[in-house]
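Here are the chains, one letter per residue:
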Number of protein chains: 2
Amino acid sequence: MSARHQQVETAILARRERVNEALPEELPVRRPEGLYEATRYLLDAGGKRLRPTVLLLVGESLLDVEPLGADYRAFPRLDDGEADLLSAAIAIEVIQTFTLIHDDIMDDDDLRRGVPAVHKEYDLSTAILAGDTLYSKAFEFLLSTGAADDRTVAANKRLAETCTRICEGQSLDIEFEARDAVTPDEYLEMVELKTAVLYGAAAAIPATLLGADADTVEALYNHGLDVGRAFQIQDDLLDLTTPSEKLGKQRGSDLVENKQTLVTLHARQQGVDVENLVDTDSVEAVSEAEIDAAVETLREAGSIEYARRRAQELVTSGKENLEVLPDNEARDLLSGIADYLVEREY
Amino acid sequence: MSARHQQVETAILARRERVNEALPEELPVRRPEGLYEATRYLLDAGGKRLRPTVLLLVGESLLDVEPLGADYRAFPRLDDGEADLLSAAIAIEVIQTFTLIHDDIMDDDDLRRGVPAVHKEYDLSTAILAGDTLYSKAFEFLLSTGAADDRTVAANKRLAETCTRICEGQSLDIEFEARDAVTPDEYLEMVELKTAVLYGAAAAIPATLLGADADTVEALYNHGLDVGRAFQIQDDLLDLTTPSEKLGKQRGSDLVENKQTLVTLHARQQGVDVENLVDTDSVEAVSEAEIDAAVETLREAGSIEYARRRAQELVTSGKENLEVLPDNEARDLLSGIADYLVEREY
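Residues numbered from 1 in each chain as written. Chains lettered and ligands numbered in written order. Predicted model: local features only at pLDDT ≥ 70, side-chain atom pairs only at ≥ 80, totals over all residues. Heavy atoms only, no water.

1. Description of the overall build of chain A
Thought 1: Within chain A, the secondary structure is distributed over 15 helices and four strands.
Thought 2: Relative to the globule expectation of 20 Å for 346 residues, the C-alpha radius of gyration of chain A, 20 Å, shows essentially globular dimensions.
Thought 3: By sequence separation, contacts in chain A at least 24 residues apart represent 72% of the contacts at least 6 residues apart.
Thought 4: For chain A, the centre of its 35 positive side-chain charges and the centre of its 69 negative side-chain charges are spaced 2 Å apart. (Helix = DSSP H or I, 4+ residues; strand = E, 2+ residues; numbered from the N terminus. Rg over C-alpha atoms; globule rule 2.2 N^0.38 Å. Contact = heavy atoms within 4.5 Å. Lys, Arg positive; Asp, Glu negative; His and termini not counted. Charge placed at Lys NZ, Arg CZ, Asp CG, Glu CD.)

Below, the structure is given as structure tokens:
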């Protein structure tokens, strides 16, 4: 691992620790215990806390404070006063968690973060309710950071609109599964809605709360949109190119399951018969040789290179959008995270 | 029907019309159409719009305007300026609808408002997503009424806390089904969380948005809590006492299905073997004579009278809480609605 990657990982880990410490304070297991245990179950199972980290780093860069040097619970604002940035960070993580819980029901996925999905560990009703509870809790948190009232209203509007878009993205994702003729641009629009808007919210909301001007907020939102899309494209690429041991699941499982990705949608446009790239229809039975051959076909069609280029362009644009922030260590770390997301190998 | 009931019904109908007109403006069916059609499906299927009506009437009473005389979209405020009260009313109705959609999944109920439940008309994923979309839309609406920022923050906090409590109430309801020893007070706490808090929010939020003082807001919230609980108790009573034709479903179906209500929980405390009050275990097969005998047993145990008295006490208290409002026609209508809810026969 390069020194820069190591620096980025250390920065993420340090902020994850702060978030994890604050979680039991924000979401104590109280009556009805069964419900609140379920709200904590997936949160406690792990997760990088990437979006909260971005939120905290944007605050640190914007106020030009020493990284990890200011109290996140009483963070200085540009418009005087303080705001609880940690509570805002947890709001974003909690929204992410609610969408994962409900998505796992819709996709009937059994596992998440190496543990049973909430609807498997508990049951369908508890999973729906745990998601619904996290949903309102996120607004409770983001309405109570102590930022100026106009800023609080604006930040919560952003969060509400973001949630609406995530639902739209999930709806498009389900719709796309049922039809063939999805274009790469349609796919990227779906990814923007389903994944990138929350990343955008994580970057924009701290600027809103801390009193930044509209241009700064907008540039940071676009930063998040760019990096969020790049992140998803990289996820699609990793499924094809990372050895199964590193990936923690069968390499090429997206191909076996005929999942649409930017790579396969591009390949279809080039005339590749992507449905039959892999004949085996179970992840357990597929051979490495079969995956190798499929990946080689995608490579020859230029589809892997195409996806890599799109991801790289998004990261470049995302980093340019960071230039609204003061030039400091926190901004370097945000830039490093953007690179890291498309350079990571698992 | 008494003249007063007729007056109350007319008032509800008039405000329902305004709400129904505004719904397509607030929730247009746009892309992805499948999702937005599903968000509108249950809203368009009917409903009294009781909570929105209460919200609008509180506004009319508080500002002492002619009933239906002011523009709900640009409603006068006590702290100067205007607020979109109709948008706030729809936020409440939309939250109610989201909870019904998700509850019907959890309870596996097939019908709602005489049409298939959303997860039956569409599918599980669409129903979860439609509920999730309505959830964020409600906050979008309530964040954009044009009220003062501090009032907007306070109103949205109330809404977020209300949603959390509704989830807690639904969780308790599910938990109670699995155990016998539920007391009447535990049941009433569950009803408060699951049903009454949203009624409370409907009464308190307009006062918050329009600039009322804290005591007024609190009294109106308590009005809603009282009336919301009375409403649920009356629902339980109607199942026992209203002829099946009027009720639109088999009288006594709660007894057949061993559903816990304030009546049966009181009867159990009096030593009645409530599980075996009705031997027949299907609503289709039960006879009127069997229901009559069961109701007679509950009556002899004092349980029907007990529930009636509790409902009446709550309505009395609820009406007292209205005294913070100016004495005008809108306040009379709110008082009339409270009476109506426990005097209605179906």
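2. Details of unusual backbone geometry
Residue and element names in this part refer to chain A.
Thought 1: The peptide bond linking Arg31 to Pro32 adopts the cis configuration, its omega dihedral lying at -5°.
Thought 2: Positive phi, close to 55°, is recorded for Asp64, a residue that is not glycine.
Thought 3: Note on placement: Asp64 falls in the loop between helix H3 (50–62) and strand S1 (75–76).
Thought 4: Exposure remark for Asp64: the relative accessible area of 51% places this residue in the exposed category.
Thought 5: With a phi angle near 55°, Asn258 is a residue other than glycine that sits in the positive phi range.
Thought 6: Mapped onto the elements, Asn258 comes out in the loop between helix H11 (253–256) and helix H12 (262–269).
Thought 7: Looking at Asn258, the relative accessible area reads 42%, which means it is partly exposed. (Buried < 20%, exposed > 50% of the residue type's maximum accessible area, 1.4 Å probe, protein only.)

3. Looking at the packing of helix H6 (residues 124–142) of chain A against helix H7 (residues 149–177) of chain B
Thought 1: Close contact between H6(A) and H7(B) brings their axes to 8 Å; oriented N to C, the two are set at 160°. Overall, the two elements H6(A) and H7(B) adopt an arrangement that is roughly antiparallel. Between H6(A) and H7(B) lies a crossing whose hand is left-handed. In contact with Ser125(A), Leu129(A), Asp132(A), Thr133(A), Ser136(A), Lys137(A), Phe139(A) and Glu140(A) of H6(A), H7(B) contributes Ala160(B), Glu161(B), Cys163(B), Thr164(B), Cys167(B), Gln170(B), Ser171(B) and Ile174(B).
Thought 2: Of the residues belonging to the contact of H6(A) with H7(B), the class tally is six nonpolar, six polar and four charged. (Axes fitted to C-alpha atoms, helices over the stretch in contact; angles between N-to-C directions. Parallel < 35°, antiparallel > 145°, perpendicular 65-115°, else oblique. Left-handed = near helix turned anticlockwise from the far one by under 90°. Nonpolar A, V, L, I, M, F, W, Y, C, P; charged D, E, K, R; others polar.)

4. Let's talk about the state of the cysteines
All names here are of chain B.
Thought 1: What the rule picks out here adds up to zero disulfides over all chains.
Thought 2: Summary of cysteine pairing: Cys163 is not part of a disulfide, and the nearest cysteine sulfur, belonging to Cys167, is at 7.1 Å.
Thought 3: In this structure Cys167 comes out as buried when scored by relative accessible area, which is 4%. (Disulfide = S-S within 2.5 Å.)

5. What to know about the pattern of salt bridges
Residue and element names in this part refer to chain B.
Thought 1: The tally for this structure, following the rule as stated, stands at 61 salt bridges over all chains.
Thought 2: With a shortest N-O distance of 2.7 Å, Arg73 and Glu25 are connected by a salt bridge. One end of the pair, Arg73, is in the loop between helix H3 (50–62) and strand S1 (75–76); the other, Glu25, is in helix H1 (residues 3–26), and 48 residues separate them in sequence.
Thought 3: Relative accessible area serves as the criterion here: at 54%, Glu25 is assigned to the exposed category. (Salt bridge = Lys/Arg side-chain N within 4 Å of Asp/Glu carboxyl O.)

6. Here's the deal with the side chain of Asp103(B)
Residue and element names in this part refer to chain B.
Thought 1: Within the fold, Asp103 resides in helix H4 (residues 85–106).
Thought 2: For Asp103, a relative accessible area of 12% puts it in the buried group.
Thought 3: At a separation of 3.4 Å, a polar atom in the side chain of Asp103 contacts the side chain of Gln170.
Thought 4: When neighbours within four sequence positions are excluded, Asp103 is seen to be in contact with Gln170 and Lys194. (Polar contact = N/O pair within 3.5 Å; in protein donor to acceptor, adjacent residues only side chain to side chain.)

7. Some details on the interface of chain A and chain B
Thought 1: With 40 residues of chain A at the interface, the matching set in chain B holds 40 residues.
Thought 2: Interface area, chain A with chain B, both sides summed: about 3,500 Å², of which 67% is carbon and sulfur.
Thought 3: Interface area lost by chain A to chain B is led by Arg31(A), Leu129(A) and Leu143(A), which between them contribute 15%.
Thought 4: Linking chain A to chain B there are four salt bridges.
Thought 5: A salt bridge links Glu168(B) to Arg30(A); the nearest nitrogen and oxygen atoms lie 2.9 Å apart.
Thought 6: Seen at the junction of chain A and chain B, the total is 16 residue pairs in polar contact (both at pLDDT 80 or more).
Thought 7: For the side of chain A that touches chain B, the secondary structure elements donating two or more residues are helix H2 (33–44), helix H4 (85–106), H6 and helix H7 (149–177) of chain A. (Buried area = accessible area lost by both parts, 1.4 Å probe.)

8. Overview of the side chain of Thr53(A)
Residues and elements named next belong to chain A.
Thought 1: By the element assignment, Thr53 lies in helix H3.
Thought 2: Overall, the relative accessible area of 0% leaves Thr53 in the buried class.
Thought 3: With residues up to four places along the chain from it excluded, the contact list for Thr53 reads Ala11, Ile12, Arg15, Arg16 and Ile337.

Everything listed here is a matter of geometry and, on its own, says nothing about what the molecule does.
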